[in-house]
Amino acid sequence: MLRLFLRGWLIVTLTATNVAFIAAHAYPLAFVTGFGISFVWYGNAGKASDDRSRLAHVVYASGAACGTATGMWLASLLRS
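This structure is a prediction, so every number in the text was calculated from the model and none was measured.

Participant: Which residues make up the overall build of the protein, and what values go with them?
Facilitator: Broken down by element type, the protein carries 3 helices and 0 strands. Secondary structure of the protein in N-to-C order comes out as α-α-α. In terms of its C-alpha atoms, the protein occupies a principal-axis envelope of roughly 40 × 20 × 15 Å. Taken as a whole, the protein presents about 5400 Å² of accessible surface, with 72% of it coming from carbon and sulfur.

Next comes the structure, spelled out in structure tokens:
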């Protein structure tokens, strides 16, 4: 379950930072995070359907929620 949580966290952390960098016109950072999103997503695409339980849904979504906050925080640090 930890790996599932971390997959949700990582993809959304990258997405949240990417959106912030795009909005700030921070081209190099947007490029790097855009690459990271696609790199992680490519590996994640086949894994998402491995566990269809309610717990797996909650764990992945919790990781994604934490990733949103992490991405916002990281973007604010890197743009400063």
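That was the structure; now back to the text.
Participant: Quick one: what's the story with the environment of Asp 51, residue by residue and with numbers?
Facilitator: In this fold, Asp 51 is placed in the loop between α2 (27-44) and α3 (54-79). Here the alpha-carbon distance between Asp 51 and Met 1, two residues 50 residues apart in the chain, equals 9.7 Å. When near neighbours in sequence (up to four residues on either side) are disregarded, Asp 51 contacts Met 1 and Ala 56.

Participant: Could you give an account of the nonpolar core, naming the residues involved and the relevant values?
Facilitator: Core analysis: the largest hydrophobic core is formed by 5 residues, namely Ala 20, Phe 21, Ala 26, Ala 30 and Ala 75. Residues within four places of Ala 75 in sequence aside, it is in contact with Thr 17, Ala 20 and Phe 21.

Participant: So what's going on with the environment of Ala 56? Which residues, and what values?
Facilitator: Assignment of secondary structure puts Ala 56 in helix α3. Using a relative accessible area of 4% as the deciding quantity, one classes Ala 56 as buried. The sequence separation of Ala 56 and Gly 67 amounts to 11 residues, and the corresponding C-alpha distance is 16 Å. Residues in contact with Ala 56, not counting those within four places in the same chain, are Met 1, Leu 4 and Asp 51.

Calculation criteria
Residues numbered from 1 in each chain as written. Predicted model: local features only at pLDDT ≥ 70, side-chain atom pairs only at ≥ 80, totals over all residues. Heavy atoms only, no water. Helix = DSSP H or I, 4+ residues; strand = E, 2+ residues; numbered from the N terminus. Areas by Shrake-Rupley, 256 points an atom, 1.4 Å probe, with all protein chains shown as cover. Contact = heavy atoms within 4.5 Å. Core = buried A, V, L, I, M, F, W, Y, C linked by side-chain atoms within 4.5 Å. Buried < 20%, exposed > 50% of the residue type's maximum accessible area, 1.4 Å probe, protein only.

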